[in-house]
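# Chains, contacts and geometry: an overview
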Amino acid sequence: LKGGEYVALEKMNVCYNNAEVVSGEAGGVCCYAGAELDRPVALAQCRRDKLKSLAFLALPPETAASAGQEGKAEGRVVEDLSDQELCALPEVQAAVLASFRKCAKAGGLTALETVAGVYPLLEPWDPDTNGCLTATQKIAPSKIFAFNAKEFETAKKKGII
């Protein structure tokens, strides 16, 4: 991190993998804490059903049934949103972050190990299609950050205070 602090990324990944919304089968969580950030951020493989439930709960009642990209009402129901639109909703990202903060507290993570931003994902990481996991199902962070470059840049903005 910017102040030269060290954070245990593997410990964070393990802790955040316990969040109810996270899909361990799709790759789980990949945290990042580079020198350009004040606080760490994460990319998280999420369960589609849990993410849609969070969208219904997080969006204001008048937009939950008609949410579109970036949370703007477009006359479409949450069920009709594409995976990318669902993941891009700020309300959904905030709800996933809230669940991560609960996990951080329960897992005994320090304030510096608590992510400042998380970008939910629904396209699974795997060793064959995108190389984001190794043959033994371990995450390959550099490949994950390259494969999800747009989402990664969005998440990184939240780590700068």
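## Thoughts on the nonpolar core
Residues Tyr-16, Val-21, Leu-43, Leu-51, Leu-86 and Phe-100 are the most contacted members of the largest nonpolar core, which totals 48 residues. Residue contributions to this core peak at seven residues, all from helix H5 (residues 90–106). Discounting chain neighbours no more than four positions away, the residues touching Tyr-16 are Val-22, Val-29, Cys-31, Phe-100, Cys-103, Ala-104, Leu-109, Glu-113, Thr-114 and Val-115.

## A word on the pairing of strand S3 (residues 117–121)
For S3, the tally of buried residues reaches five of five residues, placing the bulk of the element in the interior. Residues Gly-117, Tyr-119 and Leu-121 line one face of S3 and the alternating positions Val-118 and Pro-120 line the opposite face, and both faces are buried. The pairing of strand S2 (residues 41–45) with S3 spans five bridges and is parallel. Each residue of the ladder has a partner; that of Ala-42, found in S3, is Val-118.

## Structural notes on helix H7 (residues 149–158)
What H7 keeps buried is the set Glu-151, Phe-152, Ala-155 and Lys-156. The buried residues of H7 occupy an angular sector of 140 degrees when projected down its axis, which confines them to one face. Exposed residues pointing more than 90 degrees away from the buried face of H7 are listed as Lys-150 and Lys-157.

## Structural notes on the confidence of the model for the chain
For the chain, the average pLDDT comes to 90, and 90% of its residues sit at 70 or higher. Note on residues 66–75: pLDDT under 50 across the span, and 25 contacts to partners over four residues away in sequence or across chains.

## Let's talk about the environment of Glu-91
Among the secondary structure elements, Glu-91 is positioned in helix H5. For the pair Glu-91 and Lys-138, spaced 47 residues apart in sequence, the C-alpha separation works out to 30 Å.

## Observations regarding the pattern of salt bridges
Opposite charge on two side chains permits pairing when their charged atoms draw close. Using the criterion set out here, one finds seven salt bridges in the structure. Salt-bridge contacts for Lys-156 lead to Glu-153; the nearest nitrogen and oxygen are separated by 3.5 Å. Of this pair, Lys-156 and Glu-153 both sit in helix H7, three residues apart, roughly one helical turn. For Glu-153, a relative accessible area of 40% translates into the label partly exposed. Salt bridges sharing partners connect three or more residues here, namely Glu-36, Glu-153 and Lys-156.

Parameters and conventions
Residues numbered from 1 in each chain as written. Predicted model: local features only at pLDDT ≥ 70, side-chain atom pairs only at ≥ 80, totals over all residues. Heavy atoms only, no water. Core = buried A, V, L, I, M, F, W, Y, C linked by side-chain atoms within 4.5 Å. Buried < 20%, exposed > 50% of the residue type's maximum accessible area, 1.4 Å probe, protein only. Helix = DSSP H or I, 4+ residues; strand = E, 2+ residues; numbered from the N terminus. Contact = heavy atoms within 4.5 Å. Pairing = 2+ DSSP bridges. Arc of directions from axis to C-beta. pLDDT = per-residue confidence, 0-100. Salt bridge = Lys/Arg side-chain N within 4 Å of Asp/Glu carboxyl O.

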